[in-house]
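Spelled out, the chains give:
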Amino acid sequence: MMEDLMNLKDEGNKYFQSGDTDKAIECYSKVIKTCKDNKVLAVIYRNRSACYLKKENYANAASDASKAIDVDAADIKALYRRCQALEKLGKLDMAFKDVQRCATIEPKNKTFLETLRRLGAEIQQKLKTTFSTDSRVQNMFDILLDDEMEKDKREKAANNLIVLSREDAGAERIFQNNGVPLLLNMIETGKAEMILAAVRTLSGMCTGHKARAMAIIHMVGVDKMCSIMAVDNEEIALATCNLFQCINDSLTGGDKREYGKEEALVLDAAKDLKTILLSLLEMVASKKVSGNGRDQALNLLSKNVPRNNKKDRDNSKTLFTIDHGLKKILKVCGQVPELPDQLPMTENTQLIASVLLNKLHDDLSCDPERDNFRDICDEYIKSKIDPNDMDKTIHAVNTISGLLQGPFDVGNALVGRQGIMEMMVALCGSEREVDQMVAIEALIHSSSKMSRASFIITNGVSLLKEIYKKTTNEKIKIRSLVGLCKLGSAGGDDYGLRQFAEGSTEKLAKQCRKWLCNPKIDTKTRKWAIEGLAYLTNDADVKDDFVEDETSLKAMFELAKSTDKTIMYSVACTLVNCSNCYEKKEFLPELVQLAKFSKQHVPEQHPKDKKDFIDKRVKRLLKAGVISALAVMVKADSSILTNQTKEMLSRVFLALSMDAKDRGTIVAQGGGKALIPLALEGTDAGKTKASHALAKIAAISNPEIAFPGERVYEVVRPLISLLQTDKDGTENYEALKGLTNLAGFSDKLRVKIVKEKALPEIENYMFEDHEQIRQAATECMCNLVSCKEVQDRYLEDGNDKLKLMILLCGEDEENLQIAAAGALAMLTAAQKKLCLKMTVVTTQWLEILQRLCLHTNSSIQHRGLVIVYNILNSDNSELAKKLMESELLEILSVIGKAEDNPKRQGAIDAARECLIKAMDLGLIKPFSSPS
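Residues numbered from 1 in each chain as written. Predicted model: local features only at pLDDT ≥ 70, side-chain atom pairs only at ≥ 80, totals over all residues. Heavy atoms only, no water.

A few points about the overall build of the chain
Part 1: Helix and strand content of the chain: 55 helices and 0 strands.
Part 2: By principal-axis analysis of the C-alpha atoms, the chain measures approximately 115 × 80 × 65 Å.
Part 3: Going through the 931 residues of the chain one by one, you find that 53% of them count as buried.
Part 4: Contacts in the chain between residues far apart in sequence, at least 24 positions, make up 68% of those at least 6 positions apart.
Part 5: Split by element, the accessible area of the chain, about 44700 Å² in all, is 50% carbon and sulfur. (Helix = DSSP H or I, 4+ residues; strand = E, 2+ residues; numbered from the N terminus. Buried < 20%, exposed > 50% of the residue type's maximum accessible area, 1.4 Å probe, protein only. Contact = heavy atoms within 4.5 Å. Areas by Shrake-Rupley, 256 points an atom, 1.4 Å probe, with all protein chains shown as cover.)

Take a look at the structure:
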């Protein structure tokens, strides 16, 4: 038995020496399970500790070393290993004690003495820093809580505290120095700036640290945090929302540190997360919560309840939210601000609630779950419909409007229930204006389906027209107009499916533009004018008139920049229509002929939807300042900025960047920066469109100007995503051009491109049949070869990378030759071994090199001559001799003897350098006249 254990131990030692630490740990663990001899166990624990050190698993390394020391307190190897592990875990004082014992046992060991000296110095420095940080923290709180202190000093202390909390060491010092109670004191002052500073400091302390985040939850209390977020102050509500998000991220996987034995104490955060979720759901329907607080509670639910990845099968958070909070969210959707005793709301609240409903419904994974969702909605609406209480009834109708703007299928199913649509049409004829307004909005939202629109055209158009003519209330007038607009555009951009008579849609659009440009009308009402245009701009005549009206365009862009974010979707729709960048169905000519023959409807294109008209409209949008409006819309920190809206904004950006002459304008107005988040988040189609627009800008712009600061590094990944084989050739080509420009800009960008694993994709495109794509890939590689990692790939055996580069030098396309020869020149200059490898990978190398040196294009010739020089300078005398025995000597002589010529001077000088090098190597002698 003991013999088997010793064999296992020896096997583990062999694995460790060969570098296979996983197998070594496996062997040692087997011995530990069955061995009873303490002395043998101590050795095994000590060996396994060494393995864990190599794997950087410092908590386990320290634990195993401790077990060895328990058997033999003077085990010097185990002591030193524990010292190393403790140092890495940041426990310097404990590490110092271990190495002190090592130095006592072996006082002449230089490694121990050096570690002792170094750790001593580090501890002193840490103590110095700690004491100075502790006193600074205390000083900051003293300043902040002193009412008589000057305002600018208090502001500076608050900012310093926030900055300190964002560093892990600083956050820990604040926490250890009674920071949380002091921050609560700041909150209790009731002063907005103090509350903001305290909340932002708490956010920093909770970021990426599970244990500290859980401690802060219990010290501050979830109810207290909710009460802070509930105040009627947008900044404070947003800061508290960020605090909740930091806590959520830390408790659900944002903390990657190893806790070792302490992990069990901080592991289970499920109870705290459930408490937070229930508290947020309570906030949604509470009258004590401000509109801003309600918005942020809804935003947090929208961001954290539905699954981010549908492959994750656990949607229990969504099911829990539906069971405990769906009716509360429906209550928000049903609020009618014009009625008394309603919940406090902002202009964005109800749309945020609709977006949340949509996300929850999308996260359901089977029909019974969806049926349950619909049944709860149905039950809630039925409970509100009361013929004797019109306020309750219009609450029900408004709830249906909220569902139609969120999970449309649920809203549509409820509208289809017997009597609902008739009730909505009847309410339009009510004497109360608020009833008319709610009913018209519901009709507008419910007519998204062609069949539904047809029902309303039959039953509601005359009613809407009558309301429009008779009412004096602008709010109702504009809504009835939008209803007419939507019904008039039910055929989309199909010229043959116009719902109304010729010219009617233009008249409706003219009225919408008139309201849009009237500053006396409130924002919420003017928003409906854009809603109307979003429908009417399906008609090419309407969009052409609209873009010609610069005042209307600018009015729309100003509204897009306002705090009312419910406007974003309508603005995005209008811009997509005006720039014709929506998804277009391509029909085969044969099928069109067949449809005509069988008298089926064939979609028709409006004459003004042809390319030259679209280009003119794009120019008008740019001139009116569309980019600055788009940049503001992208920054909207709200769940209202849905993935669908992001996709539409991406489509508009791509349409605007089609003409290279316009890209400077896009960059100057902040379009480059705005595109980055669109390329990183959203639908697949949206990310692709935004990445394509980024590629177009990156290909011809100075990266420093287009993407200032660190943003330029964020551009790399979206461009690389366009190199996938499922993307089309134009996207591949423009991405390669963009990466080429970035790679030529700085070493850091080249390293970033390599780290993002772009090299295999770029190399694949160097084999491409399409000339332009192959050239773009080769140019990109040319700009990357100065990177050490790229050179290493060319040095590796067993691939054709170098061979391909040499063969590309022999192609007929000059730009391709310039790129390939440039890359080869840089590679052979940086790595001398590649000069010999060149001659091995292909027999055509000398012929291609001669062709380069004889080329009529001086740029290509210059690169060829540089490669010749690199071979002569490669410390390989046989190879250099072979070169000089070929026709290359004659070529070099002819070029070198030529008269100086500014147009070809680079090539002439390179040839002369080659001849001088050949003479230095003794391969040729200088020409001398006979005496």
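That covers the picture; the talk isn't over yet.
Quick word on the packing of helix H48 (residues 801-809) against helix H50 (residues 833-841)
Part 1: One can describe the packing of H48 onto H50 by two numbers: an axis separation of 9 Å at closest approach and a directional angle of 80 degrees. Classified by the interaxial angle, the pair formed by H48 and H50 is roughly perpendicular. Across the interface between the two elements, Leu-802, Lys-803 and Ile-806 from H48 touch Leu-834, Lys-837, Met-838 and Val-841 from H50.
Part 2: Residues of the contact of H48 with H50, tallied by class, amount to 5 nonpolar, no polar and 2 charged. (Axes fitted to C-alpha atoms, helices over the stretch in contact; angles between N-to-C directions. Parallel < 35°, antiparallel > 145°, perpendicular 65-115°, else oblique. Nonpolar A, V, L, I, M, F, W, Y, C, P; charged D, E, K, R; others polar.)

Description of the environment of Ala-297
Part 1: Mapped onto the elements of the fold, Ala-297 is located in helix H17 (residues 291-304).
Part 2: Other than its neighbours up to four places away in sequence, Ala-297 contacts Met-229, Leu-280 and Met-283.

Overview of the packing of helix H20 (residues 367-384) against helix H22 (residues 408-415)
Part 1: At their nearest, the axes of H20 and H22 sit 10 Å apart, and the two run at 45 degrees to each other. In terms of orientation, H20 and H22 fall into the oblique class. Like other packed secondary-structure pairs, H20 and H22 cross with a definite hand, here right-handed. Across the interface between the two elements, Phe-373, Arg-374, Cys-377, Asp-378 and Ile-381 of H20 pack against Val-410, Ala-413 and Leu-414 of H22.
Part 2: Partitioned by chemical class, the residues of the contact of H20 with H22 number 6 nonpolar, no polar and 2 charged. (Left-handed = near helix turned anticlockwise from the far one by under 90°.)

Observations concerning unusual backbone geometry
What you tend to see is this: most non-glycine residues have negative phi, and most peptide bonds are trans.
Part 1: We note that Asn-178 has phi near 60 degrees; this positive angle belongs to a residue other than glycine.
Part 2: Tracing the chain through its elements places Asn-178 in the loop between helix H9 (168-176) and helix H10 (179-188).
Part 3: One non-glycine residue, Asp-875, lies in the positive phi region at around 65 degrees.
Part 4: Considering the arrangement of structural elements, one finds Asp-875 in the loop between helix H52 (858-872) and helix H53 (877-884).
Part 5: The class of Asp-875 is exposed, set by a relative accessible area of 67%.

Description of the pattern of salt bridges
Part 1: A full pass over the atoms with the stated rule returns 46 salt bridges.
Part 2: For Lys-327, the salt bridge goes to Glu-379, with nearest N and O atoms at 3.0 Å. Here Glu-379 lies in helix H20 and Lys-327 lies in helix H18 (residues 316-334), a separation of 52 residues in the sequence.
Part 3: The class of Glu-379 is partly exposed, set by a relative accessible area of 47%.
Part 4: Among the charged side chains, a network of salt bridges with common partners joins Glu-87, Arg-118 and Glu-122. (Salt bridge = Lys/Arg side-chain N within 4 Å of Asp/Glu carboxyl O.)

Considering the packing of aromatic side chains
Part 1: The tally for this structure, following the rule as stated, stands at 1 aromatic pair.
Part 2: Both rings, one in Tyr-80 and one in Phe-112, keep their centres 5.2 Å apart while their planes meet at 50 degrees; by these two values the pair is tilted. One end of the pair, Tyr-80, is in helix H5 (residues 76-88); the other, Phe-112, is in helix H7 (residues 110-144), with 32 residues separating them in the sequence. Residues Tyr-80 and Phe-112 agree in their burial class; the two are buried.
Part 3: Taking the ring centre of Phe-613 as reference, the NZ or CZ of Lys-616 above it sits at 5.7 Å. (Phe/Tyr/Trp six-rings, centres within 6.5 Å; stacked < 30°, edge-to-face > 60°. Lys NZ or Arg CZ within 6 Å of the ring centre and 35° of its normal.)

Some details on the nonpolar core
Part 1: The biggest cluster of nonpolar side chains holds 262 residues, and the ones touching the most others in it are Leu-656 and Leu-883.
Part 2: Leu-883 has contacts with Trp-845, Leu-846, Leu-849, Val-868, Ile-871, Leu-872, Leu-888 and Leu-889, leaving out every residue within four places of it along the chain.
Part 3: Among the nonpolar cores identified, the runner-up in size contains 38 residues, and Leu-5, Tyr-80, Phe-112 and Leu-119 belong to it. (Core = buried A, V, L, I, M, F, W, Y, C linked by side-chain atoms within 4.5 Å.)

Notes on the side chain of Arg-526
Part 1: Tracing the sequence through the fold places Arg-526 in helix H29 (residues 523-536).
Part 2: Of the side chains with opposite charge, Glu-558 comes closest to the buried, unpaired Arg-526, at an N-O distance of 8.5 Å.
Part 3: Not counting residues up to four positions away in its chain, the partners in contact with Arg-526 are Trp-515, Leu-516, Asn-518, Pro-519, Ile-521, Ala-555 and Leu-559. (Lys, Arg positive; Asp, Glu negative; His and termini not counted.)

Quick notes on the side chain of Arg-750
Part 1: You can see Arg-750 is positioned in helix H44 (residues 747-755).
Part 2: The buried category is assigned to Arg-750, whose relative accessible area is 12%.
Part 3: Of the polar contacts made by the side chain of Arg-750, one reaches the side chain of Asp-747; its length is 2.5 Å.
Part 4: Residue contacts for Arg-750: discarding those within four places in its chain leaves Ala-743, Gly-744, Phe-745, Asn-783, Leu-784, Ser-786 and Cys-787. (Polar contact = N/O pair within 3.5 Å; in protein donor to acceptor, adjacent residues only side chain to side chain.)

Section: the confidence of the model for the chain
Interpretation of the predicted coordinates at a detailed level should be avoided for regions scoring low in pLDDT.
Part 1: On average, residues of the chain carry a pLDDT of 86, and 91% of them reach 70 or more.
Part 2: Per-residue pLDDT, averaged within each element of the chain, yields its smallest value for helix H15 (residues 263-266) (50) and its largest for helix H13 (residues 222-229) (96). (pLDDT = per-residue confidence, 0-100.)

Structural notes on the state of the cysteines
Part 1: Applying the stated rule across the entire model yields 0 disulfides.
Part 2: Left without a disulfide partner, Cys-51 is nearest to the cysteine sulfur of Cys-27, which lies 9.4 Å away.
Part 3: Free cysteine: Cys-809, not disulfide-bonded; nearest cysteine sulfur from Cys-782 at 9.8 Å.
Part 4: Residue classification places Cys-809 among the buried positions, given a relative accessible area of 1%. (Disulfide = S-S within 2.5 Å.)

What to know about helix H36 (residues 643-656)
The α-helix advances 3.6 residues per turn, and as a result positions three or four apart in sequence lie on the same side.
Part 1: The terminal C-alpha atoms of H36 lie 20 Å apart, and with 14 residues this matches the ideal 20 Å at 1.5 Å per residue to within 8%.
Part 2: Of all 14 residues that make up H36, 12 are buried, and the element is covered over most of its length.
Part 3: The complete set of buried residues in H36 reads Thr-645, Lys-646, Glu-647, Met-648, Leu-649, Ser-650, Arg-651, Val-652, Phe-653, Leu-654, Ala-655 and Leu-656.
Part 4: Close packing links the buried residues of H36 with helix H32 (568-578), helix H34 (611-624), helix H35 (626-634), helix H37 (663-668), helix H38 (671-680) and helix H39 (684-700). (Expected span 1.5 Å × (residues − 1).)

Structural notes on the environment of Ser-63
Part 1: Looking at where Ser-63 falls in the secondary structure, it is placed in helix H4 (residues 58-71).
Part 2: Considered as a pair, Ser-63 and Tyr-45 are 18 residues apart in the sequence and their alpha carbons are 8.9 Å apart.

Re the environment of Ala-169
Part 1: With respect to the element layout, Ala-169 can be found in helix H9.
Part 2: Relative accessible area serves as the criterion here: at 55%, Ala-169 is assigned to the exposed category.
Part 3: When the C-alpha positions of Ala-169 and Thr-318 are compared, they lie 37 Å apart, and in sequence the two are 149 residues distant.

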